[in-house]
Amino acid sequence: MMKNPAPWSKRPKRFGIKPLLFALLWLAGSFCFLVDGVVDAKEDVFANDGLHDPQGPSFGELQRPDEAFVGFPTDTVGNKVRWVKALRDGAINPRTNIVPETKIKILDMDLILGNTGDNAFVLFPHRAHTEWLDCANCHPEPFKEKYGTSGIKMGAILEGKFCGKCHGAVAFPLTECARCHSVKPDTFRGKFGVQPVAKH
Amino acid sequence: MFNPLQNTNRRISPSVLFLVAVTFLLPASSGMAEYADVVLNRHAEAEGVRPVIYPHWFHRIRFRCKVCHHELGFEMKVGANDITMAAILDGKFCGMCHNEETAWGLEHCHRCHSGLPGLKTGIRGGDKAGGPGDY
């Protein structure tokens, strides 16, 4: 036992000044990182991306994504660009074909896919997909054209099959569940498959 | 003796809260590939040139997916296309556009062969692309 207990032993302070000082020091350190990060980003996103070789003779000629995406509708994931919206709003106007004979087919038809377990049903918009892709990219592989015959499973999608061929690799990633699982089962009274009226 | 573990009236210190907040406000680490960048290095380094970096984002600003994945015949799976420089020079794959007509020509080797030595073939992505998929 202590003979002369320190003043704080009677009424122990929960926390002294030390944690506060530590926090301030931490903040100062973080601020340096923050400033450093911002400056780096403005300087060059390719300089330290673990991909491009700054010694490459054409390193300086390459367009940087942060320059290219200026004015595009923003997203929170992927390229941080809402590509479908960018196309519809006219922020971009990518070519549909380079071979003059290629037929451009846009299909405005929604599907609702049931059998989604505890999740919301899936609304699949053909229009958004055919604005970018040709029918043959998805049909007959990996998706058969008749509703309910392809055996789509979420596990397979997560392994890069079906929707996962693009979503999670180049289109918005599979972390965005609700963008596909968007139809609440408790309010849906229609039939699965092709929807009578397109909803946009 | 003061033992913080015996202090039953503890609350979370504002300093600790502050620390936690500051930690989460730290900027995400830089040094990430752009989402859907593809590294092609099956032949490149073995042939003495840098690996190829194919930026999906750059191309989709200018072309819809179907131009390359339908008209040009690129399979939608890394490794499924045996892209050789000979085939490109022959007007296949990249060579369908990179011919000084649709896009700049093949004399600009280093615009594509721009990767760091030792990169492995595969699809990259700075943001959530690194899932378990067999892309």
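Residues numbered from 1 in each chain as written. Chains lettered and ligands numbered in written order. Predicted model: local features only at pLDDT ≥ 70, side-chain atom pairs only at ≥ 80, totals over all residues. Heavy atoms only, no water.

**A short note on the packing of aromatic side chains**
With the rule as written, the count across this model stands at eleven aromatic pairs over all chains. Centroid distance F72 of chain A to W83 of chain A: 6.3 Å. Interplanar angle 65°. Geometry classified as edge-to-face. With F72 of chain A in the loop between α3 (65-68) and α4 (83-89) and W83 of chain A in helix α4, the pair connects residues that are eleven residues apart, well separated along the chain. A single burial state applies to F72 of chain A and to W83 of chain A, both of which are buried. Ring plane angle 75° and centroid distance 5.8 Å describe the contact between W57 of chain B and F58 of chain B, whose orientation is recorded as edge-to-face. The partly exposed category is assigned to F58 of chain B, whose relative accessible area is 21%. What links up through ring pairs into an aromatic cluster is the set F69, F72 and W83 of chain A together with W57 and F58 of chain B. Its guanidinium or amino end placed over the ring of W132 of chain A, R60 of chain B lies 4.5 Å from that ring's centre, counting from NZ or CZ. (Phe/Tyr/Trp six-rings, centres within 6.5 Å; stacked < 30°, edge-to-face > 60°. Helix = DSSP H or I, 4+ residues; strand = E, 2+ residues; numbered from the N terminus. Buried < 20%, exposed > 50% of the residue type's maximum accessible area, 1.4 Å probe, protein only. Lys NZ or Arg CZ within 6 Å of the ring centre and 35° of its normal.)

**Considerations on unusual backbone geometry**
Between H139 of chain A and the following residue, P140 of chain A, the backbone shows a cis peptide bond with an omega angle of 5°. Of note, P140 of chain A is situated in the loop between α6 (135-138) and α7 (154-158). In this structure, P142 of chain A follows E141 of chain A across a cis peptide bond, with omega equal to 0°. By the secondary structure assignment, P142 of chain A is in the loop between α6 and α7. Backbone geometry places N115 of chain A, a non-glycine residue, at a positive phi of 55°. Tracing the chain through its elements places N115 of chain A in the loop between β1 (110-113) and β2 (121-125). Of note in this structure, F93 of chain B is not a glycine but carries a positive phi near 50°. Assignment of secondary structure puts F93 of chain B in the loop between α4 (85-89) and α5 (109-112).

**What to know about the pairing of strand β1 (residues 37-40) of chain B**
Residue and element names in this part refer to chain B. Pairing between β1 and strand β2 (residues 52-55): four bridges, direction antiparallel. The partner of V39 across the bridge, within β2, is I53. Alignment of β1 against strand β3 (residues 122-123), held across two bridges, turns out to be antiparallel. When the bridges of β3 are listed, V39 appears paired with G122. (Pairing = 2+ DSSP bridges.)

**Points about the pattern of salt bridges**
All names here are of chain A. Tallied over the full model, the rule gives eleven salt bridges over all chains. For R82, the salt bridge identified is with D75, shortest N-O distance 3.8 Å. Between R179 and D75 there is a salt bridge, and its shortest N-O distance comes to 2.8 Å. Note that R179 is positioned in helix α8 (residues 177-180) and D75 in the loop between α3 and α4, a separation of 104 residues in sequence. According to the relative accessible area criterion, D75 is buried, its value standing at 12%. If you follow the salt bridges from partner to partner, you end up with D75, R82, E176 and R179 in one network. (Salt bridge = Lys/Arg side-chain N within 4 Å of Asp/Glu carboxyl O.)

These figures come from the coordinates and say nothing about function on their own.
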